[in-house]
Amino acid sequence: MAAAGLWSCSGSRQADAPKGKVSIIPMPANVSEKEDSFLLDKQTVIVATNESDKKTAGLFNAWLKELTGYELAVKDQGNENAILLQTGSDTTNAEGYTLSVNHNNITINGNSGSGTFYGIQTLIQLLPVQKAHAMYVPGVEIKDSPRFAYRGLHLDVGRHFFPVEFIKKYIDLMAMHKFNTFHWHLTEDQGWRIEIKKYPRLQEISSKRKETMAGRYADNKYDGKPYGGYYTQEQVKEVVKYAADRFITIIPEIEMPGHSLAVLAAYPNLGCTGGPYEVGTHWGVYDDIYCAGNDSVYLFLQDVLDEVMALFPSKYIHIGGDESPKVRWEKCPKCQARIKQEGLKDEHALQSYFIQRMEKYLNSKGRQIIGWDEILEGGLAPNATVMSWRGIEGGIAAAKQKHDVIMTPGEYCYLDKYQARSPNEPLAIGGFLPVSKVYSYEPVPAELSSEEDRDIKGAQGNVWTAYINNTDYLEYMVYPRAAALAEVLWSPKEKRNYDDFVNRLKVHTGRLDLKKVNYAKHVFEVTGKITGSDKGVQVALDSKLEGGKIFFTTDSTAPTPRSTPYAQPIPVTQSGTIRAQVFLDGKPFGNEYNQTFLFH
Ligand code: ACM
Ligand code: ZN
């Protein structure tokens, strides 16, 4: 617009600029707005003096370039018309930062490199979302730090495989929402997705399946198409570095003893029956798992983990542990001999033996294990962190045993569930988890004392991809629900307010649009309120979408931007159907409103 030209030739940096709207997700701990603003233009410089801050400056420039077409010079000194990055070395509250915007400069003071990075993420959210050459940044004083140390998102790449470029986008979006842990679920019954050089059949056999279940589980239909993919070690290194530059730790998951059918297909001697096996083609839980009585299994897994540890510097390695049926172990002479020889009570104790043996190995290499809450059964490994997924009970039990806990209860954290009740929703695994319910989640169970509270390190959204078979659908399932979870994890509990979140989300969707994210729009879709009775019925329509226009029909045809624009409650005097849809710039948002009235 013309305004940009006006600003760039005025040259003055006075404070009479239009006041921008501060709309940040996740909500910072403390924000105060003031009568001031900073004019960011081509001449603005970034002052960064260490390597980490220079990298962070580069990421800010990448965002700015998409918005404005230019990047800012990064210098070692400067004060006027500058964004000053300053980084301390506070290790106790490392992710905290302060951000100050006034007409001369913007100062970001990170407690450590990650704090400065989060300050930059917040600054990005102070910029407008419309493309412009110069822009006012609203005057603010922000002091911020996260509520939880562990803020995770997970992704299952076993059921469906997603390419490196998409994984990077997933990580970018995580960083934007101040998540700090990416749980990469790399192995499944239906596919092994990481190159292990010592075991080439994992690439040749385990990474491929002959076909895939199509449609509903109950229909038991298959698509007849071979499917496969895996990440090379070079690609994994590239992704680990990409994430580290964005202060995201990747925790790899190598499933054991269950969810291992794809491995057995390549190395059948590692199963109890010896096979033959084939890589999984349907969803659900398979009975064939690693044989716990065969030492070759432990040696195989140690070799695999050696290569995994060389790629991932994370303190934690996830070893799975979930959904491991014991039917093969009950009948296997080797497994039964192991139970006798080790004096174990039963097959659950045998699983505990398995996990503890692998824990000992990983601990000896300086790593810690995380497992799904089934690792509580038969006795918890001494240093294990528990991921509570079958509700919150596992988390409570682990915290009471003084173990670290990450909460991922299905009811609030499984982003593979349906998020709307419309019949138009794409096929999902089941369940119902709207954005509002994710937002309402409180990770610290009321049952814990304040002492045990401290063992709850945070929470994580899980994204299982049996039914999520392409990146558009994946983005649709994850956003904005992950934005809601981000606020649960970052913002002070007392600052959370769903209506306020939805208002900020209206602005935030502009940022998601800029990143070309196919987020779900249900939060903004048309809602209807019916009042009156008999033939005095009225329907009031509403949408929270800013700038959106509602159009409706009463003749059962689909609403379009050429239908009747909604202005006031619609009187209904005869049987029929009202269909309505909100449009922004001619494009439909969210599901249609569809209500039939029958008068007798
Ligand atoms: C899980 O959802 N099987 C951890
Ligand atoms: Zn066995």
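The structure presented is a predicted model; accordingly, all values stated were derived computationally and were not measured.

Caption draft 1: Spotlight on the overall build of the protein. Along its length, the protein carries 18 helices and 28 strands. Taken over C-alpha atoms, the radius of gyration comes to 27 Å for the protein, in line with the 25 Å a tight globule of 600 residues would show. The principal-axis extents of the C-alpha atoms in the protein amount to approximately 80 × 80 × 50 Å. Pairs at least 24 apart in sequence give 70% of the contacts found in the protein among residues at least 6 apart. If you sum the accessible surface of the protein, you get close to 24600 Å²; carbon and sulfur atoms cover 51% of it. Across the protein, the 67 positively charged side chains and the 72 negatively charged ones have centroids separated by 2 Å.

Caption draft 2: Region of interest: unusual backbone geometry. Cis geometry is found at the peptide bond from Ile25 to Pro26, where omega equals -5 degrees. The omega torsion across Gly275 and Pro276 is 0 degrees, close enough to zero to call that bond cis. Looking at the secondary structure, you find Pro276 in the loop between α7 (261–266) and α8 (295–311).

Caption draft 3: Region of the structure containing the sheet that holds strand β4 (residues 82–87). Pairing is mixed across the open sheet formed by 7 strands, whose spatial order is β1-β7-β5-β6-β4-β2-β3. Edge positions in the sheet fall to β1 (30–40) and β3 (73–75), since each has one partner strand and no second. Across the sheet, the axes of successive neighbouring strands diverge by a mean angle of 20 degrees, strand direction being ignored. Taken together, the 3 bridges between strand β2 (residues 45–47) and β3 define a ladder with parallel strand orientation.

Caption draft 4: Representation of the coordination of the zinc ion (ligand 2) within the structure. Listed as protein donors to the zinc ion (ligand 2) are Cys272 (SG), Cys291 (SG), Cys332 (SG) and Cys335 (SG); their distances from the metal cover 2.3 to 2.4 Å. Here the zinc ion (ligand 2) binds 4 donor atoms, and the angle range of 107 to 113 degrees at the metal identifies the geometry as tetrahedral. Positions of the donor residues of the zinc ion (ligand 2) along the chain correspond to the pattern C-x18-C-x40-C-x2-C. Taken as a pair, Cys272 in the loop between α7 and α8 and Cys335 in helix α10 (residues 333–341) lie far apart in primary sequence, 63 residues in all. Across the pair, Cys335 and Cys272 agree in class, each one buried.

Caption draft 5: Examining the environment of Pro28 more closely. In this structure, Pro28 sits in the loop between α1 (2–10) and β1. Remark: the alpha-carbon pair of Pro28 and Thr122, spanning 94 residues in sequence, is separated by 8.4 Å. Leave out the neighbours within four places in its chain, and Pro28 touches Tyr97, Ile142, Asp144, Trp490 and Lys495.

Caption draft 6: Region of the structure containing the layout of surface pockets. Of the pockets and cavities examined, the second largest pocket occupies roughly 390 Å³. Forming the boundary of the second largest pocket are 22 residues, of which Arg159, Glu323, Asp416, Ile429 and Trp464 lie nearest the centre. Split into classes, the residues belonging to the lining of the second largest pocket amount to 11 nonpolar, 5 polar and 6 charged.

Caption draft 7: Structural view of the environment of Ile317. Residue position: Ile317 is located in strand β17 (residues 316–320). Considering only alpha carbons, one finds Ile317 and Asn462, 145 residues apart in sequence, at a separation of 17 Å. For Ile317, the contacting residues outside a window of four places in its chain are Ile251, Pro252, Leu305, Val308, Met309, Leu362, Arg367, Gln368, Ile369 and Ile370.

Caption draft 8: Seen up close, the packing of aromatic side chains. In total, this model carries 29 aromatic pairs according to the counting rule given. Ring plane angle 45 degrees and centroid distance 5.3 Å describe the contact between Phe117 and Phe247, whose orientation is recorded as tilted. Of this pair, Phe117 sits in helix α3 (residues 113–124) while Phe247 is found in the loop between α6 (233–245) and β16 (249–256), placing the two residues 130 residues apart along the sequence. Classification of Phe117 by relative accessible area gives buried; the value is 1%. By relative accessible area, Phe247 is classed as partly exposed at 25%.

Caption draft 9: Main features of the sheet that holds strand β28 (residues 587–597). The antiparallel open sheet is built from 4 strands, whose spatial order is β25-β24-β27-β28. Whereas interior strands pair on both sides, the edge strands pair on one side only; in this sheet they are β25 (564–565) and β28. In the sheet, strand β27 (residues 576–584) pairs with β28 via 8 bridges, with the strands oriented antiparallel. Its bridge partner being in β28, Ile578 is matched across the sheet by Gln595.

Caption draft 10: How the structure looks around the packing of α10 against helix α11 (residues 347–364). Relative orientation of the contacting elements α10 and α11 amounts to 85 degrees, with a least axis distance of 10 Å. In this view, α10 runs roughly perpendicular relative to α11, as classed from their interaxial angle. Seen from α10, the contacting residues are Cys335, Gln336, Arg338 and Ile339; seen from α11, they are Glu347, Leu350, Tyr353 and Arg357. Along the lines of polarity and charge, the residues of the contact of α10 with α11 split into 4 nonpolar, 1 polar and 3 charged.

Criteria and cut-off values
- Residues numbered from 1 in each chain as written.
- Chains lettered and ligands numbered in written order.
- Predicted model: local features only at pLDDT ≥ 70, side-chain atom pairs only at ≥ 80, totals over all residues.
- Heavy atoms only, no water.
- Helix = DSSP H or I, 4+ residues; strand = E, 2+ residues; numbered from the N terminus.
- Rg over C-alpha atoms; globule rule 2.2 N^0.38 Å.
- Contact = heavy atoms within 4.5 Å.
- Areas by Shrake-Rupley, 256 points an atom, 1.4 Å probe, with all protein chains shown as cover.
- Lys, Arg positive; Asp, Glu negative; His and termini not counted.
- Charge placed at Lys NZ, Arg CZ, Asp CG, Glu CD.
- Pairing = 2+ DSSP bridges.
- Axes fitted to C-alpha atoms, helices over the stretch in contact; angles between N-to-C directions.
- Donors = N, O, S within 2.8 Å, 3.2 Å for Na, K, Ca; no water.
- Tetrahedral: all angles 85-135°; square planar, octahedral: opposite > 155°, others 65-115°.
- Buried < 20%, exposed > 50% of the residue type's maximum accessible area, 1.4 Å probe, protein only.
- 1 Å grid on protein atoms, 1.4 Å probe; cavity = no way out; pocket = protein on both sides within 12 Å on 5 of 7 lines; lining within 4 Å.
- Points joined across faces, edges and corners; volume = space filled by probe spheres on them.
- Nonpolar A, V, L, I, M, F, W, Y, C, P; charged D, E, K, R; others polar.
- Phe/Tyr/Trp six-rings, centres within 6.5 Å; stacked < 30°, edge-to-face > 60°.
- Parallel < 35°, antiparallel > 145°, perpendicular 65-115°, else oblique.

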